[in-house]
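An overview of the molecular structure
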Amino acid sequence: MQTRADAVVLFGVTGDLVFKKLFPALYQMSRQGRLGVPVIGVARSAWDDEQLIERAHKSIEAAVGQPDDAAFRELAARLTMVTGDYADPVTYERLAEQLRESTRPVFYLAIPPSVFGDVVAGLVKVGLAEKGRVIVEKPFGRDRETAADLNQTLAGAFTQSDIFRIDHYLGKESVEGLLVFRFANAFLEPVWNRNYIASVQVTLAEEFGTEGRAGFYDGVGAVRDVLQNHLLQVAALLAMEPPIADDADAYRDEEVKVLRQVEPLDPATTVRGQYVGYLDEAGVAAGSTTETFVSTKLSIESWRWAGVPFYLRAGKCMPGTATEAVVELRRPPRLLFSEIDAPLPEANLVRFRLGHSDGVTMSVQAKSPGTETVSQPVDLGVDFATALGHRQEAYERLLDDAMDGRRHRFARADTIDQEWRIVSPILDVAERPVPYYKGTWGPAQADVLAGGWHDVSLRIKNQG
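Residues numbered from 1 in each chain as written. Predicted model: local features only at pLDDT ≥ 70, side-chain atom pairs only at ≥ 80, totals over all residues. Heavy atoms only, no water.

**Structural notes on the packing of aromatic side chains**
Across all of its chains, the model carries 13 aromatic pairs by this definition. For the ring pair Phe164 and Phe410, a centre distance of 5.0 Å and an interplane angle of 80° mean the geometry is edge-to-face. Here Phe164 is found in strand E6 (residues 163–166), whereas its partner Phe410 is found in the loop between helix H12 (394–404) and helix H13 (413–423), with 246 residues between them in sequence. Accessibility expressed as a relative area gives 0% for Phe164, which makes it buried. For Phe410, a relative accessible area of 3% puts it in the buried group. (Phe/Tyr/Trp six-rings, centres within 6.5 Å; stacked < 30°, edge-to-face > 60°. Helix = DSSP H or I, 4+ residues; strand = E, 2+ residues; numbered from the N terminus. Buried < 20%, exposed > 50% of the residue type's maximum accessible area, 1.4 Å probe, protein only.)

**Things to note about the pairing of strand E3 (residues 79–83)**
The buried count for E3 comes to four of five residues, which makes it a mostly enclosed element. Both strand E2 (residues 39–43) and E3 contribute to a ladder of five bridges, which runs parallel. Counted as the bridge partner of Gly41 is Met81 from E3. (Pairing = 2+ DSSP bridges.)

**Things to note about H13**
Burial analysis of H13 places eight of its 11 residues in the buried class, which makes it a mostly covered element. Listed as buried for H13 are Thr415, Ile416, Gln418, Glu419, Trp420, Arg421, Ile422 and Val423. Of the surrounding elements, those touching the buried residues of H13 are helix H6 (144–155), E6, helix H9 (221–239) and helix H10 (248–260). (Contact = heavy atoms within 4.5 Å.)

**Considerations on the environment of Arg165**
Within the secondary structure layout, Arg165 lies in strand E6. Overall, the relative accessible area of 2% leaves Arg165 in the buried class. When residues no more than four places from it in sequence are discounted, the contact partners of Arg165 are Val136, Phe140, Asn151, Gln160, Phe410, Ala411, Arg412, Ala413 and Ile416. A distance of 2.6 Å separates a polar atom in the side chain of Arg165 from a polar atom in the side chain of Asn151. A polar atom in the side chain of Arg165 sits 2.7 Å from the side chain of Gln160. (Polar contact = N/O pair within 3.5 Å; in protein donor to acceptor, adjacent residues only side chain to side chain.)

**Topic: the nonpolar core**
By size, the foremost hydrophobic cluster in this structure holds 133 residues, and its most contacted members are Phe11, Leu95, Leu123, Leu238, Phe310 and Phe352. Of the residues forming this core, the biggest block, 12 residues, is contributed by H9. Look past the residues within four positions of Phe310 in its chain and what remains in contact with it is Val200, Ala235, Leu238, Ala239, Thr296, Lys297, Leu298, Ile300 and Trp305. (Core = buried A, V, L, I, M, F, W, Y, C linked by side-chain atoms within 4.5 Å.)

**Observations concerning the sheet that holds strand E11 (residues 322–329)**
Two strands in a sheet stick together by hydrogen bonds in their backbones, pointing the same way (parallel) or opposite ways (antiparallel). Spatially, nine strands are ordered E14-E13-E12-E11-E7-E10-E9-E8-E15 in an open sheet, and the strand pairing comes out mixed. Looking at which strands have only one partner, the edges of the open sheet turn out to be strand E14 (375–383) and strand E15 (434–436). Averaged over all adjacent pairs, the angle separating strand axes in this sheet is 20°, with direction ignored. In this structure, strand E13 (residues 359–367) lies alongside E14, joined through nine bridges in antiparallel fashion. Bridging across to E14, Gly359 finds its partner in Asp383. Sheet contacts for H9: strand E7 (197–205), strand E9 (293–298), strand E10 (310–315), E11 and strand E12 (349–353); angle to E10, the most-contacted strand, approximately 145°. (Axes fitted to C-alpha atoms, helices over the stretch in contact; angles between N-to-C directions.)

**Thoughts on the packing of helix H1 (residues 16–31) against H12**
At a minimum axis distance of 8 Å, the contact between H1 and H12 shows a crossing angle of 70°. Relative to H12, the element H1 is oriented roughly perpendicular. Between H1 and H12 the crossing geometry is right-handed. Taken together, the residues of H12 that come into contact with H1 (itself represented by Leu17, Lys21, Leu22, Ala25, Leu26, Gln28 and Met29) are Tyr395, Glu396, Leu399, Asp400 and Met403. (Parallel < 35°, antiparallel > 145°, perpendicular 65-115°, else oblique. Left-handed = near helix turned anticlockwise from the far one by under 90°.)

This is the structure in structure tokens:
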């Protein structure tokens, strides 16, 4: 039985991540009676408690509108600020004083990986690491070597069971629903293999650009930002074998197993793009070769998936925002229901909508009205929000899980190691990305690579 954390410490409390995601998550937990512990913010900024509370209120207003007064007062009463440099031992002495009655704090490192070492060393020196859990935000390193170094740093202070590596996609209800849909519905298993599936396409499209964070993004790019983690996680969920048990390690064992069967990505079957205007943004290095779009072909050399191409793409300044996986089945061996010289019937598709308006749609063939026996595609779909009601936001679930010590929704070190192995050949490519215009689907070469992409369900900003 895991002990629930009795304090939450947010390193980097003045940053964007805490403002956009963690304050709203803490507020929702407070509303539901799931917080109930001190929340201590740590940052270099010389803030006091009142400034921290004001920042939290603005964050929650931006996320949910006018907050519930009682719930916010409950959260505000728990907020405390500790100011100091991450390399200064005095900072951790102040923090230790705030945590003097805590026996199981959780430390959230919402800070650049470059200062992880300072923070971990500071926590160790004052005896806080040995009794705490640590949450680490992605990207976990910049490549396979730095990820291993970072893991070694953390493992020197915390046990592996107390290290929680966040990929917020693992906390999304819609992404986790892939696992349930696959393994809780027996009708899928007989066709979920190379004999019946022709290809898989996974898209993560963002209508927006760098949103004022170009200086940060220019050192990351699409491969590190979303391909190495989010897209490979979705591909693994689609391709993995059923876990032998319901514990966290059994689930991660199967995920690692399928990732080990993935061939390293080939630059020859990868298209890197950069939207026109990116080089003019503040913070972008002159002549930057950072990609804002990537499309690639992934091959899984397993008995189930050999010969089935997985096409992955992600990009900024796309026509809309969408996260979707489209599984295309093979066509029937004989075409019984089509006119001579008519276009071939469309293939059956299974669409997993993983972003806004998440759900599942199956595209099947049905008889067209009339005297001729001709088929046409019909979509059979379900919208999960309508069918299942409200679901929690990813960070709310993940923070709650880490406080309880539940590891199902967090990445293991060997998972991250395999992800970096897969993307290593396409990291830090010196060749200039192919330019593309905002509002398009990226370079035309990406269409050629996949032989054409299936349409995805877009959320257009101006349409809500």
